[in-house]
Amino acid sequence: MEKSREGLTGYGQKSADGMEDAVQDYEKVAMRVSKVSIIANAVLTVLKLLAGVIAHSGAMVSDAIHSASDVFSTVVVIIGIKISGKASDRDHPYGHERMECVAAIVLATILSATGLGIGYSAVQKIVQGNFGQLAVPGALALVAAILSIVTKEGMYHYTKIHAKKIDSGALMADAWHHRSDAMSSVGALIGIAGARMGFPVLDPIASVVICFFIEKAAYEIFMDAVDKMVDKACDDKAEQDLRECALSQKGVLGVDLLQTRVFGNKIYVDIEIRVDGDKTLREAHGIAEEVHDAIERNFPKVKHIMVHVNPEDSLLC
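Residues numbered from 1 in each chain as written. Predicted model: local features only at pLDDT ≥ 70, side-chain atom pairs only at ≥ 80, totals over all residues. Heavy atoms only, no water.

A. Highlighting the confidence of the model for the protein. For the protein, per-residue confidence averages 79 on the pLDDT scale, and 85% of positions sit at 70 or higher. Note that residues 1–19 has pLDDT below 50 and, in this model, 58 contacts with residues that lie over four places away or in other chains. (pLDDT = per-residue confidence, 0-100. Contact = heavy atoms within 4.5 Å.)

Dropping the structure here:
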């Protein structure tokens with residue numbers, strides 16, 4: 001005997017209208033954060049590019065390119081969130097949540113390509129070894145680096161808070177993109193300061209450091225998205241909480257099987273409970289119903305639950 005039904009949305013509402021409102025709220029928050037991100041990155045790109053060119057800083061120009069990639073990546077995030085918010089249909093009965101993962105993978109690829117381009121250019125300058133011919137960066141580049149660090153770190157925290165609020169993997173990836181940009185600006189600041197102190201080689205070295213931070217962020221974003229694409233199970237604590245919730249329901253004698261899988265930003269649960277074999281079909285069904293509703297009520301991220309009932313006496317034979 002099995003009990004299955006669609007669970008709650010991330011906002012804990014059961015009705016179709018409630019689910020639609022939740023999706024709209026989800027998209028509203030994501031779009032607002034993304035628009036702020038695009039505007040901030042566009043302004044920073046222009047300022048850093050001008051500062052890099054005027055102050056003769058390759059590291060700052062590299063940092064400007066990184067910020068420019070942020071604008072495009074945020075557009076990718078917007079597209080992914082829009083598609084993932086679509087309701088289930090005949091061709092996609094389990095919804096479109098994984099499109100957020102696709103967006104995150106695209107974002108990671110763009111980020112990685114940007115980092116490799118910056119690193120390649122910097123390594124070329126270092127290998128050539130004509131450090132005496134490298135222009136000493138002007139003070140304007142230092143100001144631009146400090147401004148970038150403050151702005152991008154603020155954007156990281158702003159985006160991260162809202163990503164956790166709506167549980168958006170793509171938005172969280174964008175938050176880490178901001179953090180990687182802040183760290184790359186720290187590298188640029190050190191390189192520019194060192195070059196101004198008489199060590200011009202530090203400017204291209206700073207670009208190599210920037211490349212490292214970008215690649216690290218790209219790898220983490222990519223692996224997180226892949227985990228969600230391949231039905232990775234929930235963490236041990238989440239599964240233990242689910243198990244305890246089922247066991248706390250009246251009539252449940254044990255949990256014989258519990259399987260979970262993360263589907264985008266939602267969770268699917270398959271659980272086998274053990275009940276008294278002398279119970280009638282109606283009574284066993286009622287217990288399964290209680291387990292289903294309890295999990296649905298206490299775990300808002302659970303979208304779908306399948307409850308299977310095993311009779312106690314048959315297991316002892």
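Moving on from the model shown.
B. Quick look at the packing of helix H5 (residues 169–196) against helix H6 (residues 202–229). Relative to each other, H5 and H6 sit at 170°, their axes nearing to 7 Å. With respect to H6, the element H5 is oriented roughly antiparallel. Here the hand of the crossing between H5 and H6 comes out right-handed. Across the interface between the two elements, Gly169, Ala173, Trp176, Ser180, Met183, Ser184, Gly187, Ala188, Gly191, Ile192, Gly194 and Ala195 of H5 pack against Leu202, Asp203, Ala206, Ile210, Phe213, Ala217, Ile221 and Lys228 of H6. Partitioning the contact of H5 with H6 into residue classes produces 12 nonpolar, six polar and two charged. (Axes fitted to C-alpha atoms, helices over the stretch in contact; angles between N-to-C directions. Helix = DSSP H or I, 4+ residues; strand = E, 2+ residues; numbered from the N terminus. Parallel < 35°, antiparallel > 145°, perpendicular 65-115°, else oblique. Left-handed = near helix turned anticlockwise from the far one by under 90°. Nonpolar A, V, L, I, M, F, W, Y, C, P; charged D, E, K, R; others polar.)

C. Highlighting helix H3 (residues 99–128). Here H3 contains 30 residues, and its C-alpha end-to-end distance of 44 Å stays within 8% of the 44 Å for a straight helix at 1.5 Å per residue. Following H3 by one or two positions, Gly129 has its phi on the positive side, about 75°. (Expected span 1.5 Å × (residues − 1).)

D. A look at the pattern of salt bridges. With the rule as written, the count across this model stands at five salt bridges. Residue Glu153 pairs with Arg179 through a salt bridge whose shortest N-O separation is 2.7 Å. With Glu153 in helix H4 (residues 139–166) and Arg179 in helix H5, the pair connects residues that are 26 residues apart, well separated along the chain. For Arg274, the salt bridge goes to Asp256, with nearest N and O atoms at 2.9 Å. Placement of Arg274 in strand E3 (residues 266–275) and of Asp256 in strand E2 (residues 254–263) is noted, with a sequence separation of 18 residues between them. According to the relative accessible area criterion, Arg274 is partly exposed, its value standing at 21%. Look at the salt bridges and you will find they share partners, linking Asp256, Arg274 and Glu312 into a network. (Salt bridge = Lys/Arg side-chain N within 4 Å of Asp/Glu carboxyl O. Buried < 20%, exposed > 50% of the residue type's maximum accessible area, 1.4 Å probe, protein only.)

E. The arrangement of the nonpolar core in detail. Counting 38 residues, the largest nonpolar core has Met60, Ile81 and Ile221 as the members making the most contacts within it. Listed by contribution, the elements that provide at least two residues to this core are helix H1 (16–54), helix H2 (58–84), H3, H4, H5 and H6. Other than its neighbours up to four places away in sequence, Ile81 contacts Tyr26, Glu27, Ala30, Met31, Glu100, Ser168 and Ala170. Listed in part, the 24 residues of the second largest apolar core include Cys245, Ala246, Val255 and Leu258. (Core = buried A, V, L, I, M, F, W, Y, C linked by side-chain atoms within 4.5 Å.)

F. Quick peek at the packing of helix H7 (residues 236–247) against helix H8 (residues 281–298). Where H7 contacts H8, the two axes come as close as 9 Å, and the packing angle between them is 135°. Regarding the angle of H7 to H8, the classification is oblique. In this structure, H7 meets H8 at a crossing whose hand is right-handed. Across from Leu242, Cys245 and Ala246 in H7, the residues of H8 making contact are Val291, Ala294, Ile295 and Asn298. Here the residues of the contact of H7 with H8 are counted per class, giving six nonpolar, one polar and no charged.

G. Representation of the side chain of Asn310. Structurally, Asn310 is set in strand E4 (residues 302–311). Among the residues examined, Asn310 registers a relative accessible area of 11% and is labelled buried. Here the side chain of Asn310 touches Glu272 through a polar contact of 3.0 Å, side chain to side chain. (Polar contact = N/O pair within 3.5 Å; in protein donor to acceptor, adjacent residues only side chain to side chain.)

H. Structural context of H8. Compared with an ideal rise of 1.5 Å per residue, which puts 18 residues at 26 Å, H8 spans 26 Å between its outermost C-alpha atoms and is within 8% of the ideal. Among the residues making up H8, those that are buried are Ala284, Ile287, Ala288, Val291, His292, Asp293, Ala294, Ile295 and Glu296.

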